[in-house]
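A look at the structure
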Amino acid sequence: MTRTPKIIFGVLGGLVVLGAVAYFFVLPRFVPYVFHGSTIQSNQAAPSVELDGPNGSTVRLTDYEGKVVVLYFGYTFCPDVCPITLAKLDRAMDILGDKAEDVQVIMVSVDPERDTPEILEQYMAHFNPAFIGVTGDTNAIDRIATVYGVYYEAEEGSDATGYLVNHTATVMVVDKDGYLKLVLPFEGTAEEIAADLNFFLR
Amino acid sequence: MHSRKIAWWVGIPGVLLVLGVMAFAIFEPIQVLPRIRLSPGYLLADQQGESFTSEDVRGDIVLYTFRYSGCGEACEGIDQTMIDVHSRLGEVDMGDTDFRLVTISFDPATDTTEVLTTEADAFGADGVQWRFATGEEAHLANVVKAGFKVWYEEQGDGSFRFDPTLVLVDGWGVIRGEYEYQTLASDADKIIHHLDILTEEIRNANGAAGLAYEAAHLFLCYP
């Protein structure tokens, strides 16, 4: 082989190696992670939450600094959207494995008339014993739901269900430092939720 | 000699990469609007007396403003901006995204459905693309003051002091622009320009273009 082809092959080989290194090791560090929901860039802490939790406790968002908090607004009589979402969140915890210990799922009831802390505790345990349900007076719930972008409204149901509550079905993620960072759509899968939560657990 | 060649082949792409990143940050070839915070959820009644909620406009870009029917001169600026934006929407290629204007009254005692209808008619608000709405006093305080962070206060004589403000919200319900009339020019030109930027981002949300837009958010490429 003459000197020129040797140089060409050498250069091409070098470029292939360089490209592979860049693709697998360098680019992933520069390519921004694309979330499955919408990110929030606020420099202010997430709106405060102080509501009634299990066993007479008061649950505050600040109690969970150092953990990623997943906030969801629903109710125990919810026929479909809430159980589906909570089941997906439970599956996401399974996917995260040990890392799930650094995640706290909290459901804020949009039906404070029927959802007592005891009923919420039993309901949430069906999905995951670590999940917490919180409630409070209607003014407190309205303030918190509103500032988290959640609409809710009671509507007539059947004799079996009683009244129903229409509500926003998004899931909010608060990072370990207490900043609201992400809004996930109802349509997101457990795998997508786990992937996005994993980003905040790095 | 051999090691110098390797240094060239490794060094040149590295330098180009760094220069590319620097050029992106300095020249901002893509501009984005910041994702400021969540806009509030709400349950209001519109000028037709129909229930109107934040879910009704999910997926749409919405420009909000806040006023009351008796505000007179204090509202002239933001009213004119809303009218101008409404009349100039043809200048923006919205693609498949719908655009709405919503005027929220924080004076529900005076601004009944009939008053809102009269006001809406005067502005050419059709009740579909441009809605006037109000709600219960306590809920309005949560929505306007706590959610949109727009201050207002009843003066005891039926008038209000308030910050004339316009707020631009994307389809995710995330606030992307806040235009305080007295501190930052909130003219229609600026809002139309921001609508252009926002719709461009929505059109390029997926694939490689989506990554470039996420990078623009990282580098704070704000107009």
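So, a few notes on the structure that sits alongside this text. (Residues numbered from 1 in each chain as written. Chains lettered and ligands numbered in written order. Predicted model: local features only at pLDDT ≥ 70, side-chain atom pairs only at ≥ 80, totals over all residues. Heavy atoms only, no water.)

**Structural notes on the sheet that holds strand S4 (residues 68–74) of chain A**
All names here are of chain A. Read across the open sheet, the six strands follow the order S1-S10-S9-S4-S5-S6; overall the sheet is mixed. For this open sheet the edge positions go to strand S1 (38–39) and strand S6 (132–134), each flanked by a neighbour on one side alone. Two elements, strand S9 (residues 171–174) and strand S10 (residues 180–184), share four bridges in a ladder whose sense is antiparallel. Of the residues in S10, the one forming a bridge with Val174 is Leu180. Against the sheet, helix H2 (residues 81–96) contacts S4, strand S5 (103–109) and S9, and its axis sits at roughly 165° relative to S4. (Pairing = 2+ DSSP bridges. Helix = DSSP H or I, 4+ residues; strand = E, 2+ residues; numbered from the N terminus. Contact = heavy atoms within 4.5 Å. Axes fitted to C-alpha atoms, helices over the stretch in contact; angles between N-to-C directions.)

**Examining the pattern of salt bridges**
Residues and elements named next belong to chain B. In this structure the tally under the stated criterion is 18 salt bridges over all chains. Put simply, Glu214 and Arg35 hold a salt bridge, and the shortest N to O gap is 3.0 Å. Residue Glu214 is located in helix H6 (residues 207–218), and its partner Arg35 is located in the loop between helix H1 (2–27) and strand S1 (37–38); the two are separated by 179 residues in the primary sequence. Per residue, the accessibility class of Glu214 equals that of Arg35, and both read buried. (Salt bridge = Lys/Arg side-chain N within 4 Å of Asp/Glu carboxyl O. Buried < 20%, exposed > 50% of the residue type's maximum accessible area, 1.4 Å probe, protein only.)

**Comments concerning the sheet that holds strand S4 (residues 61–67) of chain B**
Residues and elements named next belong to chain B. Spatially, the eight strands line up as an open sheet ordered S1-S10-S9-S4-S5-S6-S2-S3, and their pairing is mixed. Since the sheet does not close on itself, it has two edges, and those belong to S1 and strand S3 (51–53), each with one partner. Pairing of strand S9 (residues 165–169) with strand S10 (residues 174–180) involves five bridges; the strand directions are antiparallel. Considered in S10, the bridge of Val167 is made with Glu178.

**Here's the deal with H2 of chain A**
Residue and element names in this part refer to chain A. Over its 16 residues, H2 extends 23 Å from the first C-alpha to the last, a length consistent with the 22 Å expected when each residue adds 1.5 Å. All of the buried residues along H2 are Cys82, Thr85, Leu86, Lys88, Leu89, Ala92, Met93 and Leu96. Buried residues along H2 cover an arc of 155° about the axis, so they all sit on one side. (Expected span 1.5 Å × (residues − 1). Arc of directions from axis to C-beta.)

**Details of the state of the cysteines**
Taken as a whole, this structure holds two disulfides over all chains when the rule is applied. Bridging Cys78 of chain A to Cys82 of chain A, the disulfide has an S-S length of 2.4 Å. Note on the Cys78 of chain A and Cys82 of chain A pair: the S-S dihedral is about 85°, so by sign convention the disulfide is right-handed. Classification of Cys82 of chain A as buried rests on a relative accessible area of 0%. Here Cys71 of chain B pairs with Cys75 of chain B through a disulfide, and the sulfurs are 1.8 Å apart. Look at Cys71 of chain B and you get buried, because its relative accessible area is 8%. (Disulfide = S-S within 2.5 Å.)

**Regarding the nonpolar core**
Formed by 60 residues in total, the largest nonpolar core has its most connected members in Phe73, Leu86, Met93, Tyr148, Met172 and Leu197 of chain A. Dropping the residues within four chain positions of it, Leu197 of chain A is found in contact with Val68, Val70, Met93, Leu96, Val103 and Val173 of chain A. Grouped together as the second largest cluster of nonpolar side chains are 51 residues, Leu33, Ala120, Val144 and Leu166 of chain B included. (Core = buried A, V, L, I, M, F, W, Y, C linked by side-chain atoms within 4.5 Å.)

**Side note on a negative patch on the surface**
Side chains of Glu137, Glu153, Glu154 and Asp157 of chain B sit close together on the surface and give a patch of like negative charge. Along the chain, the position of Glu153 of chain B falls in strand S7 (residues 152–154). (Patch = residues over 30% accessible without salt bridge, like charges linked within 9 Å, V, L, I, M, F, W, Y side chains within 5 Å. Areas by Shrake-Rupley, 256 points an atom, 1.4 Å probe, with all protein chains shown as cover. Lys, Arg positive; Asp, Glu negative; His and termini not counted. Charge placed at Lys NZ, Arg CZ, Asp CG, Glu CD.)

**Thoughts on the pairing of S5 of chain A**
Residue and element names in this part refer to chain A. For S5, the tally of buried residues reaches seven of seven residues, placing the bulk of the element in the interior. Along S5, one buried face is formed by Val103, Val105, Met107 and Ser109 and the opposite face, lined by Gln104, Ile106 and Val108, is buried too. Inspection of the sheet shows S4 paired to S5 by seven bridges, in the parallel sense. From the neighbouring strand, Val68 faces S5, where its bridge partner is Val103. The handedness of the S4 to S5 crossover, carried by H2, is right-handed. Where S5 meets S6, three bridges bridge the pair, whose relative direction is parallel. When the sheet's bridge partners are listed, Ile106 is paired in S6 with Ile132. For the handedness criterion, the β-α-β arrangement of S5, helix H3 (residues 117–127) and S6 is classed as right-handed. (Right-handed = clockwise from strand over helix to strand, strands pointing away.)

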